[in-house]
Amino acid sequence: MSTTPIHPPTVRTQEEIAARVKALEAIMIEKGIMTTEAVDRITEIYEKEVGPQLGASVVAKAWTDPDFRERLLRNGTETCRELGIGGLQGEDMVVVENTETVHNVIVCTLCSCYPWPVLGLPPNWYKGPEYRSRIVREPRKVLREDFGLDLPDSVEVRVWDSSSEMRYWVLPRRPEGTDGMSEEELARIVTRDSMIGTGIVSAP
Ligand code: FE
C-alpha cells in the first residue's frame, strides 16, 4: 500500500466526497474490478458489524486477564486474533497502555490510518486537518479544549502517529470502583474515544 496521501489537502464538503466515491465505485464496477454486491457488503460490515464494541471487548479482557493484557501489549494483531478480531486495516496493530503517569493518544498526521478491526471507521474529526496537525503540536491543549480532558501536569502525554504500516490504539485505564464488574459489563463502559486517547473511561 502506498504511503502517499490519496486525497489533495483541500477541505471538501461531504457532498463532493460522496460524489467522488460514487464515481470511483461506478468505474470500478464497470471495469469489473468490484461488484455492487461486494461494495454493499463491505459498507454493511463496517456500518453494522465492525466497530468500537470489538475494541471494547478486547480492553475488558485485558483488564480482567493479566496474561492476555501482556500478550496484547507485546503483539496487538496476533492477540486480537485470539478473539477472532482482525482483518482489513488491522494487519499491524500496536496497543499502547495508559497508566497513572502516561497518557497515550493516536493520530495519523499524513491521512487517516486507523485500526478498523477494533474501532470501525474513523470519526470525521480524526480525518480532519485540524486534529491531525494540532494534536502533535499541542496535545494537552487539544485534549482540554476540544475533548474536555484535562490531564494533570504529572501525566506525560505521548502522541503516536499511525501509518499504513503500523496502526496504534490505546488500552485505557480501568476506572476505580469497577472491581465487581464482569468482563461484559466492563466492555459496555469502554468508549471509542478512550481507545483513541481523546477520552478516558469512567465508572458507571
Ligand atoms: Fe493515514
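Computed from a prediction, not measured in an experiment: that's the story for all the values here. (Residues numbered from 1 in each chain as written. Predicted model: local features only at pLDDT ≥ 70, side-chain atom pairs only at ≥ 80, totals over all residues. Heavy atoms only, no water.)

*Asks:* I would appreciate a short explanation of the overall build of the protein in the present structure.
*Replies:* Along the protein, the regular secondary structure elements total 11 helices and 4 strands. Whereas a compact globule of 204 residues would reach a radius of gyration of roughly 17 Å, the protein reaches 18 Å, a difference of no more than 12%. Seen through its principal axes, the protein has C-alpha atoms that stretch 55 × 35 × 30 Å. Across the 204 residues in the protein, those meeting the buried criterion constitute 38%. A sequence separation of at least 24 residues applies to 67% of the contacts in the protein between residues at least 6 apart. Approximately 11,700 Å² of the protein is accessible, and the part contributed by carbon and sulfur atoms is 53%. (Helix = DSSP H or I, 4+ residues; strand = E, 2+ residues; numbered from the N terminus. Rg over C-alpha atoms; globule rule 2.2 N^0.38 Å. Buried < 20%, exposed > 50% of the residue type's maximum accessible area, 1.4 Å probe, protein only. Contact = heavy atoms within 4.5 Å. Areas by Shrake-Rupley, 256 points an atom, 1.4 Å probe, with all protein chains shown as cover.)

*Asks:* Got a minute to help me understand the domain arrangement of the protein in this structure?
*Replies:* Often, the extent of an interface is quoted as the loss of accessible area on bringing the components together. Assigned domains of the protein: these are domain 1 (14-47) and domain 2 (52-196). Placing the centre of domain 1 and that of domain 2 at their C-alpha centroids yields a distance of 29 Å. (Domains from an automatic or database assignment.)

*Asks:* Honestly, the packing of helix H8 (residues 129-137) against helix H9 (residues 139-147) in this entry has me stumped. Any pointers?
*Replies:* Between two packed helices, the angle of one axis relative to the other and the distance separating the axes together describe the packing. Between H8 and H9, the least distance of the axes is 5 Å, while the angle of their chain directions is 130°. One element, H8, and the other, H9, form an angle in the oblique class. Between H8 and H9, the residues in contact are Glu-130, Tyr-131, Arg-134, Ile-135, Val-136 and Arg-137 and Pro-139, Lys-141, Val-142, Leu-143, Glu-145, Asp-146 and Phe-147, respectively. Here the residues of the contact of H8 with H9 sort into 7 nonpolar, no polar and 6 charged. (Axes fitted to C-alpha atoms, helices over the stretch in contact; angles between N-to-C directions. Parallel < 35°, antiparallel > 145°, perpendicular 65-115°, else oblique. Nonpolar A, V, L, I, M, F, W, Y, C, P; charged D, E, K, R; others polar.)

*Asks:* I keep staring at the coordination of the iron ion and nothing clicks. Help me out?
*Replies:* Geometry sets the ideal angles at a metal, namely 109.5 degrees for four tetrahedral donors and 90 or 180 degrees for six octahedral donors. Every protein donor of the iron ion is accounted for by Cys-108 (SG), Cys-111 (SG), Ser-112 (N), Cys-113 (N) and Cys-113 (SG), and the metal-donor separations fall at 2.2 to 2.8 Å. Of note, the donors binding the iron ion are all from one chain and are spaced C-x2-C-S-C. (Donors = N, O, S within 2.8 Å, 3.2 Å for Na, K, Ca; no water.)

*Asks:* Help me out: how do you make sense of the side chain of Asn-104 in this one?
*Replies:* Looking at where Asn-104 falls in the secondary structure, it is placed in strand S2 (residues 102-107). Residue class for Asn-104 comes out buried when judged on its relative accessible area of 1%. Apart from residues lying up to four places away in sequence, Asn-104 is in contact with Val-96, Glu-97, Asn-98, Arg-158, Trp-160, Val-170, Ile-196 and Gly-197.

*Asks:* Sorry, what's going on with the packing of aromatic side chains here?
*Replies:* Inspection of the entire model under this criterion finds 7 aromatic pairs. With 5.0 Å between their ring centres and 75° between their planes, Trp-125 and Tyr-131 make a pair best called edge-to-face. On the accessibility criterion, Trp-125 (27% relative accessible area) is partly exposed. We classify Tyr-131 as buried; its relative accessible area is 5%. Through successive ring pairs, a cluster of aromatic residues spans Tyr-114, Trp-125, Tyr-126, Tyr-131 and Phe-147. Note that Lys-61 overlies the ring of Phe-68, its terminal NZ or CZ placed 5.4 Å from the centroid. (Phe/Tyr/Trp six-rings, centres within 6.5 Å; stacked < 30°, edge-to-face > 60°. Lys NZ or Arg CZ within 6 Å of the ring centre and 35° of its normal.)

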